[in-house]
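Architecture and fold: a report
The lines below spell out each chain.
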Amino acid sequence: MSKFQVLIVDDDEDILNFLNYNVTQAGYNAITANNGVEALEMVQKYKPDLILLDLMMPGMDGIEVCTELRQRKGHYQPLIVFLTARAEDYSQVAALESGADDYIIKPIRPRLLISKIESILRRNSSNLGEDIELDTGHFILDRGSHQIVQNGESIELPRKEFELLNLLISRPGYVFTREQIMDTVWGNETVVGDRTIDVHIRKLREKIGDDCIRTVKGVGYKFVNA
């Protein structure tokens, strides 16, 4: 049986019970919260591996929950996957910019949802590189703590930003296509919006500078060492 723990957050009791049943049946240790404040308390208490997070909730919505968690210091950072009926581009962009790892639109069949959970956890438990630390000239990437150290300052990266950066610097100068990036970082089974890569590239550039990641028009992106 899987040892992974999944926190399910939704203000609809029927949906919460439905998701709890299916996640538990799949062998995961499921815990639940029906609002954002309770979700933060459960994260502090149980430190789940993955959070299935509803977007629209009274009081404290999913974006606020995700933002709060990503701003917390320390090595522990759970996977955060929005599971919501909101399919608009601006909702997906807002979720990704708040630090979410993935965005899944419901309704979704239980077997497909479990398959996606398995895929997300499996991808993120693998190591994309062998060296713990890598000096790019622009900064030092610390794979052990998902941090970069630049000008003596440590900056923690959300999981997907880290994986995207780790992929790009694995082959400096090589142009990764958008399809390669999507398949490697998000997986070809994951449902994400068209703006996903753009949002993450922009957030990385804000943190490490515009000169590190170059856009190759019509192809993709490459990392350039200093």
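So, here is what we can say about the structure in this document.

Regarding its fold elements, the protein presents 8 helices and 12 strands. On C-alpha atoms alone, the protein measures out to a radius of gyration of 17 Å, which is about the 17 Å that the 2.2 N^0.38 rule sets for 226 residues. Projecting the C-alpha coordinates of the protein onto the three principal axes gives extents of approximately 55 × 35 × 35 Å. Counting across all 226 residues of the protein, residues that qualify as buried make up 49%. Of the contacts made within the protein by residues no fewer than 6 positions apart, 58% connect residues no fewer than 24 positions apart. Of the roughly 11100 Å² of accessible surface on the protein, 48% is carried by carbon and sulfur atoms. Distance between charge centroids for the protein: 4 Å, based on 26 positive and 35 negative side chains.

For the rest of this paragraph, the subject is the pattern of salt bridges. This structure, assessed with the given rule, holds 9 salt bridges. Each member of the salt-bridge network shares a partner with another, and the members are Asp10, Asp54 and Lys106.

Take the packing of helix 2 (residues 36–46) against helix 3 (residues 62–71) next. Remark: helix 2 packs on helix 3, axes separated minimally by 9 Å, with the N-to-C direction vectors making an angle of 30°. It follows that helix 2 is roughly parallel to helix 3 by the angle criterion. Classified by chirality, the crossing of helix 3 by helix 2 is right-handed. Every residue of helix 3 that contacts helix 2 at Gly36, Leu40 and Val43 is listed here: Val65, Glu68 and Leu69. A breakdown of the residues in the contact of helix 2 with helix 3 according to their chemical character gives 4 nonpolar, 1 polar and 1 charged.

Where helix 7 (residues 178–186) contacts helix 8 (residues 196–208), the axes come no closer than 11 Å and their chain directions differ by 85°. Comparing their axes, helix 8 and helix 7 come out roughly perpendicular. Contacts between helix 7 and helix 8 involve Arg178, Ile181, Met182 and Trp186 from the first element and Thr196, Ile197, Asp198 and His200 from the second. Partitioning the contact of helix 7 with helix 8 into residue classes produces 4 nonpolar, 2 polar and 2 charged.

Another point: the packing of aromatic side chains. Applying the stated criterion to the full structure yields 3 aromatic pairs. Pairing Phe139 with Phe223 gives two aromatic rings, centres 5.9 Å apart and planes at 75°, and the pair type is edge-to-face. Residue Phe139 is located in the loop between strand 6 (133–135) and strand 7 (140–142), and its partner Phe223 is located in strand 12 (residues 220–223); the two are separated by 84 residues in the primary sequence. On the accessibility criterion, Phe139 (2% relative accessible area) is buried. Ring centres of Tyr174 and Phe176 lie 4.8 Å apart, and the angle between their planes is 75°; this geometry places the pair in the edge-to-face category. Judged by relative accessible area, Tyr174 falls into the partly exposed class, the value being 27%. Here Phe176 falls in the buried class, since its relative accessible area comes to 6%.

Let's shift gears to the pairing of strand 9 (residues 153–156). Pairing between strand 8 (residues 147–150) and strand 9: 4 bridges, direction antiparallel. Its bridge partner being in strand 9, Ile148 is matched across the sheet by Ile155. Linking strand 8 to strand 9, which pair antiparallel, is a turn of 2 residues; within it Asn151 sits at a positive phi near 55°.

This part takes up the environment of Arg111. The topology assignment puts Arg111 in helix 5 (residues 110–125). Owing to a relative accessible area of 76%, Arg111 belongs among the exposed residues under this scheme. The sequence separation of Arg111 and Asn22 amounts to 89 residues, and the corresponding C-alpha distance is 8.4 Å.

Thresholds, definitions, all that
- Residues numbered from 1 in each chain as written.
- Predicted model: local features only at pLDDT ≥ 70, side-chain atom pairs only at ≥ 80, totals over all residues.
- Heavy atoms only, no water.
- Helix = DSSP H or I, 4+ residues; strand = E, 2+ residues; numbered from the N terminus.
- Rg over C-alpha atoms; globule rule 2.2 N^0.38 Å.
- Buried < 20%, exposed > 50% of the residue type's maximum accessible area, 1.4 Å probe, protein only.
- Contact = heavy atoms within 4.5 Å.
- Areas by Shrake-Rupley, 256 points an atom, 1.4 Å probe, with all protein chains shown as cover.
- Lys, Arg positive; Asp, Glu negative; His and termini not counted.
- Charge placed at Lys NZ, Arg CZ, Asp CG, Glu CD.
- Salt bridge = Lys/Arg side-chain N within 4 Å of Asp/Glu carboxyl O.
- Axes fitted to C-alpha atoms, helices over the stretch in contact; angles between N-to-C directions.
- Parallel < 35°, antiparallel > 145°, perpendicular 65-115°, else oblique.
- Left-handed = near helix turned anticlockwise from the far one by under 90°.
- Nonpolar A, V, L, I, M, F, W, Y, C, P; charged D, E, K, R; others polar.
- Phe/Tyr/Trp six-rings, centres within 6.5 Å; stacked < 30°, edge-to-face > 60°.
- Pairing = 2+ DSSP bridges.

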